[in-house]
Amino acid sequence: MPDTVFHLYMAVSVDGFIADAEGSVDWLNDYEADVDYGTAGFLEGVDALLMGRRTYDQVVGFGDWPYAGKRTVVLTSRPISEAPEGVEGTSDLVGAIDELCAEAERVWIVGGATAASACRDLGVLDRIDLFVMPVLLGAGVPLFSVEDDALNLDLLEVETFETGVVALRYAVA
């Protein structure tokens, strides 16, 4: 059985939001300049994805499925119709984590806040890479619930980009 790492890799506003008040991530488009934030390299090292339903619906709405060839487990209580190949839905997070631990070395927790908090609550959140975007949204979907207990992190690396984006890479202590 692999020693699975559950890795949250996500963009966040300076004030801690992963989506605006309407649930949109269009504000990220301002930072899609010709800058390599390392996402393609990160994705190459990922074996499977764990994704919340709202994130899944949003990604499907963008067009072609960007994670072809990667098993994707979507946390949902509703059936997924016409899912791309390799995508499955489940409401059993614990069962999904057990399956992913049996077959994957690195699982990307794609989003959103509910999936991240649930993984955190179950103690399977190992790494957090946050790309802090130089914008204040004022309101929106927070990365973690305000009811979450404190989580100690060990800073591994800080990287800055010409766009003003700062990558903060942490291990969960």
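The residue numbers shown here count from 1 along each chain, following its written sequence. Confidence filtering applies because this is a predicted model: local features only for residues at pLDDT of at least 70, side-chain atom pairs given and counted only at 80 or more, and all residues used for totals across whole chains, interfaces and linings. Hydrogens and water are ignored here; the side-chain numbers use all heavy atoms of the structure.

### Quick word on the side chain of Asp 129
Of note, Asp 129 is situated in strand β7 (residues 127–133). Here the term buried applies to any residue with accessible area under 20% of the maximum for its type, exposed to any over 50%, and partly exposed to those in between, with areas from a 1.4 Å probe on protein chains only. Judged by its relative accessible area of 3%, Asp 129 is buried. The criterion used for residue contact is that any of the two residues' heavy atoms lie within 4.5 Å. When near neighbours in sequence (up to four residues on either side) are disregarded, Asp 129 contacts His 7, Leu 8, Tyr 9, Met 10, Leu 168, Arg 169 and Tyr 170. Secondary structure is summarised from DSSP: a helix means a run of H or I of at least four residues, a strand means a run of E of at least two, and numbering begins at the N terminus for each.

### What to know about the packing of aromatic side chains
The rule is short: rings of Phe, Tyr and Trp, with Trp giving its six-membered ring, pair when the centres are within 6.5 Å, and they are stacked under 30 degrees, edge-to-face over 60, tilted in between. Enumeration according to the criterion identifies 10 aromatic pairs in this entry. For the ring pair Tyr 9 and Trp 108, a centre distance of 5.9 Å and an interplane angle of 90 degrees mean the geometry is edge-to-face. Remark: Trp 108 occurs in strand β6 (residues 106–111) and Tyr 9 occurs in strand β1 (residues 5–13); sequence separation between them is 99 residues. In terms of burial, Tyr 9 and Trp 108 fall into one category: buried. Pairing Phe 42 with Trp 108 gives two aromatic rings, centres 5.4 Å apart and planes at 90 degrees, and the pair type is edge-to-face. One end of the pair, Phe 42, is in helix α1 (residues 39–44); the other, Trp 108, is in strand β6, and 66 residues separate them in sequence.

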